[in-house]
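Observations on the three-dimensional arrangement
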Amino acid sequence: MSLARLHEVLCQSRQHVSPFLMLGDPTPDVCVALCRELVAAGASMLELGLPYADPSADGPVVQAAGMRARKAGVSTDEALQTLARVRAACPDTPCNLLVYGNLVHARGYARFCADAVAAGASSLLVPDIPLEEGAVLRRICREHGLGNVLLAGPRTPNKRLAAIAAESDAFVYLAGHQGITGANANMAECRAALVARVRRYIDVPMCVGFGLSSPQHIQEVHGAGAEVAVVGSHLLRVLSHALQEHPGDLAHLLAAVRTAFQQLLPAFRQPKEIPSCS
Amino acid sequence: MSVIPQVGAFGAYGGRYAPELLWHALAELADAHRRIVPSPEFQRAFRRELRTWGGRPTPLTEVPSFSALARLRVWLKREDLLHGGAHKTNNVIGQALLAKRLGKRRLVAETGAGQHGVATAMAGARHGLPVTIYMGARDMERQASNVARMKLCGAEVIPVTTGAATLKEAIDDALRDWAATVDDTHYVLGTVCGPDPFPALVRDLQAVIGREARAQCLRQIGELPAAAMACVGGGSNAIGLFSGFVDDDQVKFFGAEPGGSGIASGRHGATLCAGTPGLLHGARSYMLQDKHGQVLDSHSVAAGLDYPAVGPEHSFLKDSGRAEYRAVCDDAALAAVTTLTRSEGILPAIESAHALALCLTAVDDGLLNEGDCVVVNLSGRGDKDLPTLLANLPGEES
């Protein structure tokens, strides 16, 4: 059901901005409230991560988000319960679940997929189970109606991109730069060229993430042919700052993250820069 | 249903569970491992460097007084005498030569006890490759002399403060560095862990230990030993020794895992004795994890064994029954340091002393018969451990 909804949403518009949040960060209640807030502010999709102790593809900001959630006692069970609450609060918004391989392995592939679908996940991205190692997991996902999302990167050869697209029945997740999430590389030109190249070799929807933090980044990614832009570390940095500066102030937290998100939306126009009078 | 790795599998273990962003570099390295490493030119350069810079072959030393205490005939494979003070140099020389052949201009590595970091820093200095080492902040404290040696060789040492601030976190950060720098950087993984091809590559580079040891046994003892013993953290010194005898069915393999404060205490690193299969750092192998799959922190007095997973080939050797693994507690390892030092005048690393401790109790434990001939890999020297050893010296008032 959820996967069908994802396909429907991807058909409706070609310019989605999807926030990435960690399930249970900073607590399950606040996480649900944040998701509701962001969907109300215009998020047509959500990407949600399961807290993990060794997220090898993630930068320090996402690592810290996972640590906050784990400190709040969020394990796989609580994370999936939180996901179910998010889906209840935002029934029309598809959720892509990001999970490191060992959490899926420990629960057993079949049980994990069944539980993820029951909680309302529409698709699954396991960053450390690549194309060659993932055949069994992808088959089980398909059996459960859970969409497969595979990673691609700047160094992925063209032929391999086609193979990755063929296995991605939800969408392909393209890392916008070589490295880990959130790095603040200013690679605007490279990124647009990369997205355009990958676009030529894949015929399924494409989502781009890693280091997107401004409306220009988002426009460039959409302009080069990606349907979805994912913003993670940028929002989590705002969240972390709000938690530190205004601890316990939920209204402030929600407003800060919502504002940061809205400023990225394509509909939002930055005020034109006033030329300096030199 | 069991999960079977597809690339670089050792039975149900191993594989290449790495993000797509590393795939290209791993495939390139796997290709180099297949094509370049066995080539006569590479082997000539590798062996020459091992001999003239590394100091190979290392001796096989008979230790009669220690043997009497163990009620065995014990021979030590003296990797402590290799340049740098541990077996790590074998692997690093090979990977540095390979990195140059691949056109890489920088080396990055993790280190626990600092021996692999020192070896990489030395090799980087010799081959003109800048080196960045990731090391847990806690390990930097307890292995300060090795940190100094790395810095003297010109390496940049980056403290890792996340989690338990030990080897696992150092590998996480080294992998993150490599993901961003693969174009010009080679990741010198220090043990037989990680995604394919590292477990097989590092084994092949460390196999010189077993090859030499087997030939020395035949020459010096006149027969093959009843057993080969080594400590196992990630497991590279053990695989290096075992690989020389893998077709000799009569040679039993014993691995000494870090028992920390005891398995029952939960504070240990005995992955094979007390762990379960899972995915960590690119491979399926035994690891310490909770029921949800969150990685647990390991504990050991030996920084070089303080790791919650193990090389996938060891998992395979365990399940197939070819090798047997036992946990050795901190106290027993520290006592074995003193025993060897006072009986033979050889100061072993605390890591290596885990194997010595296993050797001392092997007859009582029924692993071996009295008088059996045993080769123990003395994988490193203990100079780096002086602060820990002096604090634990028997009879010393603090």
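Below, the structure is looked at part by part. Since this is a predicted model, take the numbers as computed values, not measurements.

Here is what the cut-offs are and how they apply
Residues numbered from 1 in each chain as written. Chains lettered and ligands numbered in written order. Predicted model: local features only at pLDDT ≥ 70, side-chain atom pairs only at ≥ 80, totals over all residues. Heavy atoms only, no water. Helix = DSSP H or I, 4+ residues; strand = E, 2+ residues; numbered from the N terminus. Rg over C-alpha atoms; globule rule 2.2 N^0.38 Å. Buried < 20%, exposed > 50% of the residue type's maximum accessible area, 1.4 Å probe, protein only. Contact = heavy atoms within 4.5 Å. Lys, Arg positive; Asp, Glu negative; His and termini not counted. Charge placed at Lys NZ, Arg CZ, Asp CG, Glu CD. Buried area = accessible area lost by both parts, 1.4 Å probe. Salt bridge = Lys/Arg side-chain N within 4 Å of Asp/Glu carboxyl O. Polar contact = N/O pair within 3.5 Å; in protein donor to acceptor, adjacent residues only side chain to side chain. Nonpolar A, V, L, I, M, F, W, Y, C, P; charged D, E, K, R; others polar. Axes fitted to C-alpha atoms, helices over the stretch in contact; angles between N-to-C directions. Parallel < 35°, antiparallel > 145°, perpendicular 65-115°, else oblique. Left-handed = near helix turned anticlockwise from the far one by under 90°.

1. Details of the overall build of chain B
Summing up its helical and strand segments, chain B has 15 helices and 14 strands in all. For 398 residues, the compact-globule formula gives about 21 Å, and the C-alpha radius of gyration of chain B, at 19 Å, lands near that figure. The principal-axis extent of the C-alpha atoms belonging to chain B is close to 55 × 50 × 45 Å. Burial statistics for chain B: of 398 residues in total, 65% are counted as buried. Long-range pairs, those at least 24 residues apart, make up 73% of the contacts in chain B between residues at least 6 apart in sequence. Counting 39 positive and 44 negative side-chain charges, chain B places the averaged centre of each group 6 Å from the other.

2. Overview of the interface of chain B and chain A
You'll often see interface size given as the accessible area lost when the parts meet. In this complex, chain B contributes 36 residues to the contact, which on the side of chain A involves 42 residues. Considering only the surface of chain B that becomes buried against chain A, Glu20, Leu21 and Arg176 of chain B emerge as the three largest contributors, covering 24% of it. Notably, a salt bridge pairs glutamate 20 of chain B with arginine 160 of chain A, separated by 2.9 Å at the nearest N-O pair. In this assembly, chain B and chain A are joined by 18 residue pairs in polar contact (both at pLDDT 80 or more). Within the residue set of the side of chain B that touches chain A, elements represented by two or more residues are helix H1 (20-35), helix H8 (167-181), strand S11 (276-280) and strand S12 (283-287) of chain B. Along the lines of polarity and charge, the residues of the side of chain B that touches chain A split into 18 nonpolar, 10 polar and 8 charged.

3. Here's the deal with the packing of helix H10 (residues 236-243) of chain B against helix H12 (residues 312-320) of chain B
Geometrically, a packed helix pair is captured by the angle between its two axes and the distance between the axes. All names here are of chain B. Taken N-terminus to C-terminus, the directions of H10 and H12 make an angle of 55°; their axes are 10 Å apart at the nearest point. On the basis of their axis angle, the class for H10 and H12 is oblique. Once H10 is placed against H12, the crossing between them reads as left-handed. Each of Ala238, Ile239 and Phe242 in H10 lies in contact with H12, whose residues at this interface are Glu313, His314 and Leu317. Along the lines of polarity and charge, the residues of the contact of H10 with H12 split into 4 nonpolar, 1 polar and 1 charged.

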